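As a plain string of letters, each chain reads:
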Amino acid sequence: MSIKIPFNKPYMTGKELFYISQAHHNMMLAGDGPFTKKCHHWLEEKTLTFKALLMHSCTAALEVSALVANIQPGDEIIMPSYTFVSTANAFVLRGGIPVFVDIRSDTMNIDESKIEQAITNKTKAIVPVHYAGVSCEMDTIMSIAEKHDLLVIEDAAQGIMSSYRGKALGTIGHIGALSFHETKNIICGEGGALLVNEDKFINRSEIIREKGTNRSQFFRGEIDKYTWCDIGSSYLTGELNAAFLWAQMEESTAITNNRLRVWDIYHQQLKVLEEMGYIIRPVVPEGCIHNAHMYYILLPNNKLRTALIAFLDGQGIHCVFHYIPLHSSPAGKNYTKISGSLEVTERTSEVILRLPLWVEMTEIQVYQVCDAIRTFFQGAKLKS
Ligand SMILES: *Cc1c(COP(=O)(O)O)cnc(C)c1O
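To keep things clear, this report deals only with the structure shown in the data block. (Residues numbered from 1 in each chain as written. Predicted model: local features only at pLDDT ≥ 70, side-chain atom pairs only at ≥ 80, totals over all residues. Heavy atoms only, no water.)

The next thing to look at is the site of the ligand. Around the ligand, a shell composed of 15 residues is seen, among which Thr59, Asp155, Gln158, Ser179 and Lys184 lie nearest. Measuring from an oxygen atom of the ligand, one finds a backbone N or O atom of Cys58 at 2.9 Å. A distance of 2.7 Å is found between an oxygen atom of the ligand and a side-chain nitrogen or oxygen belonging to Ser179. Contact with the protein chains hides 93% of the accessible area of the ligand, taken as 380 Å² for the molecule alone. Given that more than half its atoms are within 2 Å of the pocket grid, the ligand belongs to the largest pocket. (Near = heavy atom within 4 Å. Polar contact = N/O pair within 3.5 Å; in protein donor to acceptor, adjacent residues only side chain to side chain. Areas by Shrake-Rupley, 256 points an atom, 1.4 Å probe, with all protein chains shown as cover. 1 Å grid on protein atoms, 1.4 Å probe; cavity = no way out; pocket = protein on both sides within 12 Å on 5 of 7 lines; lining within 4 Å. Sits in = over half its atoms within 2 Å of the grid points.)

Below, the structure is given as structure tokens:
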């Protein structure tokens, strides 16, 4: 069946090429040019972080976080197994050992009640991942971190424009990482940002990002020559990407509102199926404002999920699932540890289904997806 309703369609505001042509005209194409600065200011104003630094990906921002956190071989980092590989890889690259704890069955976020029992004298940091742009229980996580003197590095890859008790995701912990990958809400192809929320980490973050040099200070005129100061690499993004990203940032409110519009229709239309016990819908806890990064449903079992994917595919509707839990992946078996049972993680990965959601999705298309899901369950009921 040809795809009538794709899972995702990247949204372009229409101004991307104009800004790229300006960057071309300016002949400033390397990192930290005028568009990068605009993006930095926007991020600092929007999120109230001390320092925003554009990077070439969220993966890069997480790697810089691991360097700033001074992760040494054998250090343990607590995180969920139900996440993207980069959450773990960034720390494994430094010899760190991800220690996985289970997720909550309502938000798919790290279960904050299981963190403390995973802490050992080797634990260095906690990495909450804000799944679907819905915040983890950050008050609890921050107080555990404070009590045990741990760093909190937020994987806020999916969290731009979301908040927790009034604070932007990525600014609650000591460091945060955002993604502007094509599949996220605000995009530039490949891109990300580091949010530095502690004064004492700013200088080192800038140096690590600039190949281990103090070039950023040099460009600000704070020193008269720059030199190699520390370990580092090239984590900047080029101006062409920043120009593209700037067009998206300008439209961020409209982008978010349009996604929320789709999310809200799904949520209202699928309520009946939840009441009938066929599916479970996402939960947004009190105090969390989300960005409609994703709409997912939980099916009763893996067999029904496989059947529903095939049924929807037959109607030209493309739905996907994700996250083979990291602990059960080949690399995960080599490089990570588990704390407690990961029952919810394993179950979620078997039964979660992500529905199509993009900025320009029409209301009719959202209704079509909901109708198809209802039709599927009517058929499944008749057969059982
Ligand atoms: C997308 C994503 C990343 C990686 O982002 P990139 O910008 O592609 O490197 C990391 N963590 C999570 C949770 C993500 O969803």
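There is more to say, and it comes next.
Where helix α3 (residues 58–68) contacts helix α6 (residues 199–209), the axes come no closer than 10 Å and their chain directions differ by 125°. Classed by the angle they form, the pair α3 and α6 counts as oblique. Taken as a pair, α3 and α6 cross one another with a handedness that is right-handed. Where α3 approaches α6, its residues Val64, Leu67 and Val68 are matched on the opposing element by Phe201, Arg204, Ser205 and Ile208. (Axes fitted to C-alpha atoms, helices over the stretch in contact; angles between N-to-C directions. Helix = DSSP H or I, 4+ residues; strand = E, 2+ residues; numbered from the N terminus. Parallel < 35°, antiparallel > 145°, perpendicular 65-115°, else oblique. Left-handed = near helix turned anticlockwise from the far one by under 90°. Contact = heavy atoms within 4.5 Å.)

This part is about the packing of aromatic side chains. Counting across every chain of the model gives 13 aromatic pairs. With centroids separated by 4.9 Å and ring planes inclined at 85°, the aromatic side chains of Tyr82 and Tyr323 adopt a geometry described as edge-to-face. With a gap of 241 residues between them, Tyr82 in the loop between β2 (76–80) and α4 (85–92) and Tyr323 in the loop between α11 (302–314) and α12 (330–335) connect regions that are remote in the sequence. Between Phe376 and Phe377, the ring centres sit 5.2 Å apart and the planes meet at 80°, which makes this aromatic pair edge-to-face. Of the two residues, Phe376 and Phe377, both sit in the buried class. An aromatic cluster of at least three residues, connected via ring pairs, comprises Tyr82, Tyr131, Tyr296 and Tyr323. Lying over the aromatic face of Phe321, Arg305 brings its terminal NZ or CZ to 3.9 Å of the ring centre. (Phe/Tyr/Trp six-rings, centres within 6.5 Å; stacked < 30°, edge-to-face > 60°. Buried < 20%, exposed > 50% of the residue type's maximum accessible area, 1.4 Å probe, protein only. Lys NZ or Arg CZ within 6 Å of the ring centre and 35° of its normal.)

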